[in-house]
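Examination of the molecular architecture
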Amino acid sequence: MAERRLIPTAGLLLVAAVLYMTLGAGGNWGFVLPFRGAKLVALLLVGVAISTSTVLFQTITRNRILTPSIMGFDALYVLLLTGVVYGFGGQAYLDLPPQVLFLFNVVLLVGASLLLFGTLLGRAQGDLMRLILTGIIFGTLFSSVTGFFQRLIDPNEFAIVQVSSYARFTRIETDLLAIASLLVAGCLIVAWRLRHQLDVLALGPKAAVNLGVDPRRGQLVVLTLIAVLVSVSTALVGPVVFLGLLVVSLAHLVTPSAHHAVILPAAAMISAIVLVAGQTIMERVLSLATPLSVVVDFVGGLVFLGLLLKGLRR
Amino acid sequence: MIRVDGLSYRIGEQHILSDISLDLPRGGISALVGPNGAGKSTLLSLIARLIPIQTGRITVDDLVVGQCASDILARKLAILPQSDDIAPRLTVRELIGFGRFPHHKGRPGVDDRRKVDAAIEAFDLEPLQHRPLDTLSGGQRQRSLIAMAFAQDTDYLLLDEPLNNLDIAASRSLMARLRDLAEVNNRSIVVVLHDLNFACGYADFLVALTAGRIGAMGPPSTVVTSQMVAKVFGTKAPVIRVGDRPLVQV
Ligand SMILES: Nc1ncnc2c1ncn2[C@@H]1O[C@H](COP(=O)(O)OP(=O)(O)OP(=O)(O)O)[C@@H](O)[C@H]1O
Ligand SMILES: [Mg+2]
């Protein structure tokens, strides 16, 4: 039943993509198509990366309120980037190709998240309040340490960091597109192959063991995927705190299903629709009156509050 | 046969289980009894590899728990844990369907669907099968969870306090169903019970744990006496005999 709604969702995404490419192009196709095409690819990558990492995170933590960005994964990425720039000095850093730097950051984030969140999830299993509090503390801690480093480094170096520190959809880092596509594709393949095991992991650790799925191993694999996906989205457009929560909540409404085979593609398409259609409206219709990330975070923030209050009342 | 050999378990300085060795016979119902905190759930969790073994060795037929692949053991042994907050949004049918996962690994076939239907029927869940778990009563939920373990269709079935929340009719019908499984299908069932009379009425073998040690072991008709109840549970309850069966008066 729910899976039948995937087709109209895909149709909607197609319409949004076509509108994004063509609206107000003014006939100059030779320039417009490659220029907008690259941005469209970036938006799709970011959308899929954020929705998938959110679904995966909610599966291993067994809740529908927390997301990687709320738990401070994005903030940790920016902190690591800042730390590396500060440690190496901006110039040495700039001399390396951006793809190498990016991969270096991905590896750092994977290591750091396995270390931090791996131990945290092992301990706080099922304790939602503890996870929420830790997430808030992590987020604040990471951004204040980042702020501290950013005051120490000189303004030219700061420019490198700044790109990743604030959410933006208008200026997208397109030189990372190829490597980002590869990483996202790899993560999606792994997640898809794990889809049935993810369904089992969502039942909780005891039930998973009983059904022959190792929850600890699942957690570590999923944390690695999340770290890679968050690196991609943060490197491309910066941190968008509430997009994941918004689109995954929508996906659970549109296609309610216990199966990741349904919820993963549904969330990915809804996420892409929100970004592509939102950006079309912002850029072409409203001529950039407000950045899209502000709107997404405002609406997503309301959803977060709503879910939190509902969750606490239960 | 489930063979437990020299099993000890501690949390920090506290000894939860101390040097337990026992054989649970193949085929039939074994009841595990004992006061609160005696270590019954810990023993069951160790056998079902829900918690890692510290000292000692457990084998289920030829499989060594902790060493054999987890998904192979999942086709041999199923457990109903004492408390588990399994996904509340699942429907009864979806939940029971997950019991088949060790066999189909995500791609259910005709046979799997048949076994899910059978489990739903065996526990009278037809009218509830499309209801989400969080809309069920405690007893209905318990029945669904047992049905999931039942659908797993394993030689060994470990049930931790399955009678929790069940009324007398559901309790008797569950125990009768377990007897049936043991006798007709030659399954081995280990069940934690608090009501000694249910143990006497339905079990072939009884193990009484007290403070992490074995207090008594054997067929219920010979093991359950007022001295044993006094020793294991520390309460003086008269035990009378009705026919050849002991009856604990409460
Ligand atoms: N995580 C833990 N930390 C500390 N002690 C624990 C922990 N888990 C269990 N225990 C202790 O281990 C002992 C055995 O617990 P267990 O759950 O096996 O008892 P039980 O026989 O199943 O009791 P009940 O009949 O109440 O279910 C208890 O004294 C309990 O307090
Ligand atoms: Mg117990």
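Remember, it's a predicted structure, so these values are computed and weren't measured experimentally.

On to unusual backbone geometry, then. Despite not being glycine, Arg 62 of chain A shows a phi value in the positive range, around 55 degrees. Positioned with a positive phi, Asp 19 of chain B is a non-glycine residue whose angle comes to about 50 degrees. Among the structural elements, Asp 19 of chain B can be located in strand E2 (residues 14–24).

This paragraph deals with the site of ligand 1. Residue and element names in this part refer to chain B. Around ligand 1, the surrounding shell holds 14 residues, and the nearest of these are Gly 37, Gly 39, Lys 40, Ser 41 and Thr 42. Between an oxygen atom of ligand 1 and a side-chain N or O atom of Gln 82, the distance comes to 2.9 Å. For ligand 1, whose free accessible area comes to 640 Å², the fraction covered by protein is 60%. Secondary-structure elements contributing two or more residues to the shell around ligand 1 are E2 and helix H1 (40–47). At three residues, H1 tops the list of elements feeding residues into the shell around ligand 1. For the shell around ligand 1, a count of residues per class yields four nonpolar, eight polar and two charged.

To continue, consider the environment of Ser 293 of chain A. Residue and element names in this part refer to chain A. Considering the arrangement of structural elements, one finds Ser 293 in helix H14 (residues 292–313). On the basis of relative accessible area, Ser 293 is assigned to the buried category, the value being 8%. Taking the C-alpha atoms as reference points, Ser 293 and Gly 238, 55 residues apart in sequence, are found 9.8 Å from one another.

Only Ser 41 of chain B (OG) and Gln 82 of chain B (OE1) from the protein coordinate the magnesium ion (ligand 2), and they sit 1.9 to 2.1 Å from it. Of this pair, Ser 41 of chain B sits in helix H1 while Gln 82 of chain B sits in the loop between strand E6 (77–80) and helix H3 (92–98), and the two are 41 residues apart along the sequence.

Time to look at the nonpolar core. Side chains of a nonpolar character, in soluble globular proteins, are inclined to be buried together. Among the nonpolar cores identified, the biggest contains 150 residues, and Leu 203 and Leu 236 of chain A together with Ile 96, Leu 178 and Met 228 of chain B are the most heavily contacted of them. In contact with Leu 203 of chain A, not counting residues within four places along its chain, are Arg 62 and Leu 211 of chain A together with Asp 85, Ile 86, Ala 87, Leu 90, Phe 98 and Met 148 of chain B. In this structure, Leu 7, Ala 38, Ile 79 and Val 207 of chain B belong to the second largest nonpolar core, which totals 33 residues.

Next up on the list: the interface of chain A and chain B. In this complex, chain A contributes 17 residues to the contact, which on the side of chain B involves 27 residues. Between chain A and chain B the total buried area reaches about 1800 Å² when both faces are included, carbon and sulfur atoms providing 59% of it. When the buried area of chain A at its contact with chain B is split by residue, Lys 206, Asn 210 and Leu 211 of chain A rank highest and sum to 33% of it. Across the chain A-chain B interface, the total number found is three residue pairs in polar contact (both at pLDDT 80 or more). In terms of residue count, the dominant contributor to the side of chain A that touches chain B is helix H9 (residues 195–201) of chain A (five residues). For the side of chain A that touches chain B, a count of residues per class yields eight nonpolar, four polar and five charged.

Moving on, we come to the packing of aromatic side chains. All names here are of chain A. Following the criterion strictly, the structure yields seven aromatic pairs over all chains and no others. Ring geometry for Phe 57 against Phe 73: centres 5.9 Å apart, planes inclined by 80 degrees, an arrangement best described as edge-to-face. Remark: Phe 73 occurs in helix H3 (residues 73–88) and Phe 57 occurs in helix H2 (residues 29–61); sequence separation between them is 16 residues. You can call Phe 73 buried: its relative accessible area is 0%.

To continue, consider the sheet that holds strand E8 (residues 188–192) of chain B. Whenever strands of a sheet pair, they do so through backbone hydrogen bonds, lying parallel or antiparallel. Residue and element names in this part refer to chain B. Read across the sheet, six strands follow the order E6-E7-E8-E3-E9-E10 without closing on themselves; strand pairing throughout is mixed. With one partner strand each, in any of the chains shown, E6 and strand E10 (213–218) form the two edges of the open sheet. Between one strand axis and the next, the sheet turns through 15 degrees on average, direction left out of account. Bridge count between strand E3 (residues 28–33) and strand E9 (residues 205–210): four bridges; the pairing is parallel. In the strand pairing of E9, Val 33 is matched with Ala 208. Its contacts with the sheet put helix H7 (residues 168–184) on E3, strand E7 (156–160) and E8, and the angle it makes with E3 is roughly 130 degrees.

By rolling a water-sized probe across the atoms, one finds the places where empty space is left. All names here are of chain A. Per the stated rule, a full pass over the model turns up three cavities of 30 Å³ or more. Size it by volume and the largest cavity reaches roughly 60 Å³. Lining of the largest cavity is provided by Ala 49, Ile 50, Ser 53, Thr 54, Pro 68, Ser 69, Asp 74, Leu 229, Val 230, Ser 233 and Val 240. When contributions to the lining of the largest cavity are tallied by element, the ones reaching two or more residues are H2 and helix H11 (215–237). Examining the composition of the lining of the largest cavity, we find that four residues originate from one element, H2, more than from any other. The residue makeup of the lining of the largest cavity, split by class, is six nonpolar, four polar and one charged.

Residues and elements named next belong to chain A. Relative to each other, H2 and helix H12 (residues 243–254) sit at 75 degrees, their axes nearing to 9 Å. It follows that H2 is roughly perpendicular to H12 by the angle criterion. Taking contact as the criterion, the partners of Ile 50, Ser 51, Thr 54, Val 55 and Gln 58 in H2 are, on H12, Leu 243, Gly 244, Leu 245, Val 247, Val 248 and His 252. Residue composition of the contact of H2 with H12, by class: six nonpolar, five polar and no charged.

Rules used in this analysis
- Residues numbered from 1 in each chain as written.
- Chains lettered and ligands numbered in written order.
- Predicted model: local features only at pLDDT ≥ 70, side-chain atom pairs only at ≥ 80, totals over all residues.
- Heavy atoms only, no water.
- Helix = DSSP H or I, 4+ residues; strand = E, 2+ residues; numbered from the N terminus.
- Near = heavy atom within 4 Å.
- Polar contact = N/O pair within 3.5 Å; in protein donor to acceptor, adjacent residues only side chain to side chain.
- Areas by Shrake-Rupley, 256 points an atom, 1.4 Å probe, with all protein chains shown as cover.
- Nonpolar A, V, L, I, M, F, W, Y, C, P; charged D, E, K, R; others polar.
- Buried < 20%, exposed > 50% of the residue type's maximum accessible area, 1.4 Å probe, protein only.
- Donors = N, O, S within 2.8 Å, 3.2 Å for Na, K, Ca; no water.
- Core = buried A, V, L, I, M, F, W, Y, C linked by side-chain atoms within 4.5 Å.
- Contact = heavy atoms within 4.5 Å.
- Buried area = accessible area lost by both parts, 1.4 Å probe.
- Phe/Tyr/Trp six-rings, centres within 6.5 Å; stacked < 30°, edge-to-face > 60°.
- Pairing = 2+ DSSP bridges.
- Axes fitted to C-alpha atoms, helices over the stretch in contact; angles between N-to-C directions.
- 1 Å grid on protein atoms, 1.4 Å probe; cavity = no way out; pocket = protein on both sides within 12 Å on 5 of 7 lines; lining within 4 Å.
- Points joined across faces, edges and corners; volume = space filled by probe spheres on them.
- Parallel < 35°, antiparallel > 145°, perpendicular 65-115°, else oblique.

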